[in-house]
Amino acid sequence: MTSTLVTDIRELVTNDPSLGDGSALGLLHDAAFVYDDNAVLWVGSADSAPDADERLDASGCAVIPGFVDSHAHLIFAGDRSAEFVSRMTGERATTGDESTGYSAHGIQFTVQSTREATDEDLRRNAARLVAEMARQGITTFEIKSGYGLTVGDEVRSLQIASEFTGETTFLGAHVVPHGSDPTAYVELVCGPMLAACAPYARWIDVFCDQGAFDADQARAIVEAGVNAGLQPRLHANQLGPGPGVQVAVEVGAASADHCTYLSPADVDALANSSTVATLLPGSEFSTRSPYPDARRLLEAGAAVALATDCNPGSSFTTSMPLCIALAVREMHMTPAEALWSATAGGAQALRRTDIGVLSVGARPDFAVLDAPTFVHLAYRPGVPLIKGPFGRQV
Ligand code: NIG
Ligand code: FE
């Protein structure tokens, strides 16, 4: 196996506090590291770097762990740019958040297009988005189903998702499809749909929000998923205050995602649990919603992740650097907190310890920035700074 020495790194973010400056980012200056196909083998000062078979010169740039995108909906067909235009020009939603014009309603449009698409259409669209993610430094990503909402369409969504990542999530409980009775649909999701999908999924997710599923339905679906061997994560409190976060904590979910509308009790529950608060500022940006209160979560001691939520309705971006810039500018996270959340935070939201970190034994997934420091990810918004993600994608 070939080993590679990455050298002349002006600033290396390891996310290992025992390395470097003692901060959460574990920053090393004038650093180097060695990796092979499987793992990081050595990390330290460029002066004392061992030899390796090959050499990658970082030319005085910053190097960071590859971004971990723990929340994305990449299996879909169709375009909702017209919905985006209506929202931006002030049309009001009929359900959901009437102040922003975004609701769960648009999901039905994508469901129809997805059902009409061929497997090859879905695969090609996902591959294009995965390639975009790679160009923006994402080395691990999660993919949800949720635009099929029949047994066959959910299964094929997860089969195709599994071709791209091991982090696949069954989201049959995205919305109740048009024409279905809610009680009968929940029974379908918990029964035959789950049985057919579970072999292709690691996670179970429920959209517990206005216009989607209530707390009792969410509990029932999660319980069925856990019995089928899946681990829970929840869409919670995106469109308004509600029970989603409390249900997520109660069921021991790895993550409660969105957290846009939180009560003090929700913040306390997250801070006193192992459930990560995954914030998705691309969706607030594209739906012109208020941003989640990241400072309140961080100050209470909750673990915070950032993810793209890439989907055709609420957040059609694959750019983690954009999410970092929004987190800093709009959510008052420091650049260091935002970078940690987009790497180690995402790893924690996927309950992974082998990614989001560059220390000995970790996966060799990293990105070289065309910048002297990671701060430029927020300081230079909209500028492509990723020179190349390295490592494998899972
Ligand atoms: O995470 N909230 C639910 N699902 C997606 C939106 C899906 C859509 O609008 O198509 C989200 O924002
Ligand atoms: Fe989502």
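Residues numbered from 1 in each chain as written. Chains lettered and ligands numbered in written order. Predicted model: local features only at pLDDT ≥ 70, side-chain atom pairs only at ≥ 80, totals over all residues. Heavy atoms only, no water.

A. Fine view of the pairing of strand S2 (residues 27–35). Of all the 9 residues making up S2, 7 are buried; the element is thus mostly covered by neighbouring parts of the structure. Judged from the 7 bridges that link them, strand S1 (residues 4–13) and S2 form a sheet pairing that is antiparallel. Considered in S2, the bridge of Leu5 is made with Val34. The sheet contact formed by S2 and strand S3 (residues 40–45) spans 5 bridges and is antiparallel. Its bridge partner being in S3, Val34 is matched across the sheet by Trp42. (Buried < 20%, exposed > 50% of the residue type's maximum accessible area, 1.4 Å probe, protein only. Helix = DSSP H or I, 4+ residues; strand = E, 2+ residues; numbered from the N terminus. Pairing = 2+ DSSP bridges.)

B. Representation of the layout of surface pockets within the structure. Estimates place the volume of the largest pocket at around 240 Å³. For the largest pocket, the lining is made up of 14 residues, of which Gln136, Ser319, Pro321, Val383 and Pro384 are closest to its centre. Its residues assigned to classes, the lining of the largest pocket comprises 8 nonpolar, 3 polar and 3 charged. (1 Å grid on protein atoms, 1.4 Å probe; cavity = no way out; pocket = protein on both sides within 12 Å on 5 of 7 lines; lining within 4 Å. Points joined across faces, edges and corners; volume = space filled by probe spheres on them. Nonpolar A, V, L, I, M, F, W, Y, C, P; charged D, E, K, R; others polar.)

C. Broad picture of the coordination of the iron ion (ligand 2). The protein atoms that coordinate the iron ion (ligand 2) are His71 (NE2), His73 (NE2), His235 (NE2) and Asp309 (OD), at distances of 2.0 to 2.4 Å. A relative accessible area of 3% places His235 in the buried class. For Asp309, a relative accessible area of 1% gives the class buried. (Donors = N, O, S within 2.8 Å, 3.2 Å for Na, K, Ca; no water.)

D. Local environment of empty space enclosed by the protein. Evaluation of the coordinates by the stated rule reveals 2 cavities of 30 Å³ or more. A volume near 80 Å³ is recorded for the largest cavity. Every residue along the wall of the largest cavity is listed here: His73, Tyr102, Ile107, Tyr147, His174, Phe207, His235, Gln238, His258, Asp309, Asn311 and Ser314. Grouping the constituent residues of the lining of the largest cavity by class yields 4 nonpolar, 7 polar and 1 charged.

E. Representation of the environment of Arg10. Here Arg10 lies in strand S1. In this structure Arg10 touches Leu28, His29, Asp30, Gly60, Cys61 and Pro372, once residues within four positions along its chain are discounted. (Contact = heavy atoms within 4.5 Å.)

F. Geometry of the nonpolar core. Core analysis: the largest hydrophobic core is formed by 92 residues, its most contacted members being Phe67, Phe170 and Ile324. Element by element, the count of residues in this core is highest for helix H5 (residues 182–197), at 6 residues. With residues near it in sequence (within four places) discarded, Phe170 still touches Ser145, Glu154, Leu158, Val189, Met193, Leu194, Cys197, Ala201, Trp203, Ile204, Asp205 and Leu230. Core analysis: the second largest hydrophobic core is formed by 15 residues, Leu28, Val43, Phe366 and Val368 among them. (Core = buried A, V, L, I, M, F, W, Y, C linked by side-chain atoms within 4.5 Å.)

G. Molecular detail of the site of ligand 1. Not every one of the 15 residues close to ligand 1 is listed here, only the nearest: Arg80, Tyr102, Tyr147, Gln238 and Ser314. His73 is positioned with one of its side-chain polar atoms (N or O) 3.4 Å from an oxygen atom of ligand 1. At 2.8 Å, a side-chain N or O of His174 approaches a nitrogen atom of ligand 1. When ligand 1 is considered free in solution it has 320 Å² of accessible area, and contact with the protein chains removes 100% of it. In this structure, ligand 1 is accommodated by the largest cavity. A per-class count over the shell around ligand 1 returns 4 nonpolar, 9 polar and 2 charged. (Near = heavy atom within 4 Å. Polar contact = N/O pair within 3.5 Å; in protein donor to acceptor, adjacent residues only side chain to side chain. Areas by Shrake-Rupley, 256 points an atom, 1.4 Å probe, with all protein chains shown as cover. Sits in = over half its atoms within 2 Å of the grid points.)

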